[in-house]
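# Per-entry structural report
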Amino acid sequence: MLAPLRTVAATLRVPATKTKAPVQLALSWPWPTTSASLEMRVDPTSATALDIVNRLRAETGGMAKEDVRVTRGYSPHRVSDADLDAMPAAQLMRSNLVVWVPGTGQNDTGSGGAYTLDAASSLSPVLRAARAAAADADRASTLASASVSRVQAAADRSLARVLYGGTAALTAQLGAVVHLTYELGWDLMEPATNMLGLTTVILSGAFFAAANAEFTYANAANVVRDRLRRWHARRMRVDLEEAARTVEHGRRVRAQLTDVLAVFAPPPSSVSALSSSSSSLYSRH
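For clarity, every value in this text was computed on a predicted model and none was experimentally measured.

## Examining the layout of surface pockets
- Space inside the largest pocket adds up to approximately 590 Å³.
- In terms of lining residues, the largest pocket is bounded by 17 residues, among which Gly166, Leu170, Phe215, Tyr217 and Ala220 are the most central.
- The set of elements that each furnish at least two residues to the lining of the largest pocket consists of helix H4 (119–184), helix H5 (186–211) and helix H6 (217–236).
- A total of seven residues in the lining of the largest pocket trace back to one element, the largest contributor, which is H4.
- In terms of residue class, the lining of the largest pocket is made up of twelve nonpolar, five polar and no charged.

Below is the structure:
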């Protein structure tokens, strides 16, 4: 009597925003000898079928290699470890392979429990999870970017007012000096203009001490812009650091999920090529 096939559930685990953990493929193996399932997580783009089999061997007590094996369907032809090492995890899930694990149920040959990672039950949830996670990452990143853009636009408007106001103040100062020079005479205005120059030097030194940058209009504008960004962020209740983490998290997750979708849902031509190579692989056994 053949052992009944047990289906391995698969899904994706997408890390939280504040972590830099990679996207992982989670496999849940129903273990009949215990009440809980065996949970396994691997890299969905770089893991091979041999990585999964070796994890199973470790979980079953480091048994001999022949105890945990992979066959095509219920045929007696075993897939070698070398072929498993060359097989991506995605191809393992696309094929009708059977993983035999000792101590999880017996058949008439004592081969152990039989598990399958068929595409219908395992691959579809992975692809749905990848697309949903990509959409969530896009949505969160778009909202965070929009919030930062609103803060930046408000800061730029405020900076423009400060720059125009400063230009007007300097123009008024020049006009006042010229007017008072004609009214009071240069003998009185010369010390005043010297004091204005000295005040500018003192302010430049204070700026260097506070901003650790040479006093130029560009550096002054950057410092004022940064202060205005933080002020508008508090006013709009936007956490700029959290928004930056969300945007970076979205970019990283999108990049990883793009790779996942490329591996698990390749173009039809690639699938046909994999199927052909898989057929030739098993025809040798």
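## Quick notes on H6
- For H6, built from 20 residues, the straight-helix expectation of 28 Å at 1.5 Å per residue is met to within 8% by its first-to-last C-alpha distance of 28 Å.
- All of the buried residues in H6 are Ala220, Ala221, Leu228, His232 and Ala233.
- Immediately downstream of H6, the backbone of Arg237 shows phi near 60 degrees, a positive value.

## Considering the pattern of salt bridges
- Summed over all chains, the structure comprises eight salt bridges.
- Put simply, Asp81 and Arg57 hold a salt bridge, and the shortest N to O gap is 3.2 Å. Of the two residues, Asp81 sits in helix H2 (residues 81–85) while Arg57 sits in helix H1 (residues 49–59), which places them 24 residues apart along the sequence. Each member of the pair Asp81 and Arg57 is classed as buried.
- Salt bridges linked by common partners bring Arg57, Arg78 and Asp81 together as one network.

## Observations regarding the sheet that holds strand S1 (residues 5–7)
- Spatially, four strands are ordered S1-S7-S6-S5 in an open sheet, and the strand pairing comes out mixed. Taken across any chain shown, the strands that pair with only one partner, and hence form the sheet edges, are S1 and strand S5 (69–72). On average, each strand axis in the sheet is inclined to that of its neighbour by 35 degrees, with strand direction left out of account.
- As defined by bridge partners, S5 adjoins strand S6 (residues 97–101) across four bridges and the pair is classed as antiparallel. Considered in S6, the bridge of Val70 is made with Val99.

## Observations regarding the confidence of the model for the chain
- Looking at the chain as a whole, the pLDDT averages 78, with 81% of positions reaching at least 70.
- Taken element by element, the predicted model of the chain shows its lowest mean pLDDT in helix H8 (residues 268–283) (44) and its highest in H2 (89).
- Low pLDDT, under 50, characterises residues 106–111; the stretch is placed with ten contacts to residues that sit more than four places away or in other chains.
- In this model residues 269–285 is a low-confidence stretch, pLDDT under 50, and it forms 17 contacts with partners more than four residues away in sequence or in other chains.

## Remarks on the packing of aromatic side chains
- Counted according to the given criterion, the structure contains one aromatic pair.
- Between Trp29 and Tyr115, the ring centres sit 5.4 Å apart and the planes meet at 65 degrees, which makes this aromatic pair edge-to-face. Residue Trp29 is found in strand S3 (residues 24–29), and its partner Tyr115 is found in strand S7 (residues 113–116); the two are separated by 86 residues along the sequence.
- By relative accessible area, which is 0% here, Tyr115 ends up buried.

## What about the sheet that holds strand S4 (residues 38–42)?
- Spatially, S2-S3-S4 is the arrangement adopted by the three strands of the open sheet, whose pairing is antiparallel. The open sheet has two free edges, formed respectively by strand S2 (9–13) and S4, since each of these has just one partner strand. Pairs of neighbouring strands in the sheet enclose a mean axial angle of 25 degrees, with direction left out of account.
- Note that S3 and S4 share five bridges and pair antiparallel. By the bridge assignment for S4, Ser28 is matched with Glu39.
- In the packing of H1 onto the sheet, contacts are made with S3 and S4, and the angle to S4 comes to roughly 145 degrees.

## Considerations on the environment of Leu196
- Looking at the element boundaries, Leu196 is found in helix H5.
- Residues Leu196 and Gln173, 23 residues apart in the sequence, show an inter-C-alpha distance of 9.9 Å.
- Every residue in contact with Leu196, bar those within four places of it in the chain, is listed here: Gln173 and Val177.

## So, the pairing of S3
- The buried count for S3 comes to five of six residues, which makes it a mostly enclosed element.
- Of the strand pairs in this sheet, S2 and S3 are connected by five bridges, and their pairing is antiparallel. Of the residues in S3, the one forming a bridge with Ala10 is Leu27.

Definitions and limits used
Residues numbered from 1 in each chain as written. Predicted model: local features only at pLDDT ≥ 70, side-chain atom pairs only at ≥ 80, totals over all residues. Heavy atoms only, no water. 1 Å grid on protein atoms, 1.4 Å probe; cavity = no way out; pocket = protein on both sides within 12 Å on 5 of 7 lines; lining within 4 Å. Points joined across faces, edges and corners; volume = space filled by probe spheres on them. Helix = DSSP H or I, 4+ residues; strand = E, 2+ residues; numbered from the N terminus. Nonpolar A, V, L, I, M, F, W, Y, C, P; charged D, E, K, R; others polar. Expected span 1.5 Å × (residues − 1). Buried < 20%, exposed > 50% of the residue type's maximum accessible area, 1.4 Å probe, protein only. Salt bridge = Lys/Arg side-chain N within 4 Å of Asp/Glu carboxyl O. Pairing = 2+ DSSP bridges. Axes fitted to C-alpha atoms, helices over the stretch in contact; angles between N-to-C directions. pLDDT = per-residue confidence, 0-100. Contact = heavy atoms within 4.5 Å. Phe/Tyr/Trp six-rings, centres within 6.5 Å; stacked < 30°, edge-to-face > 60°.

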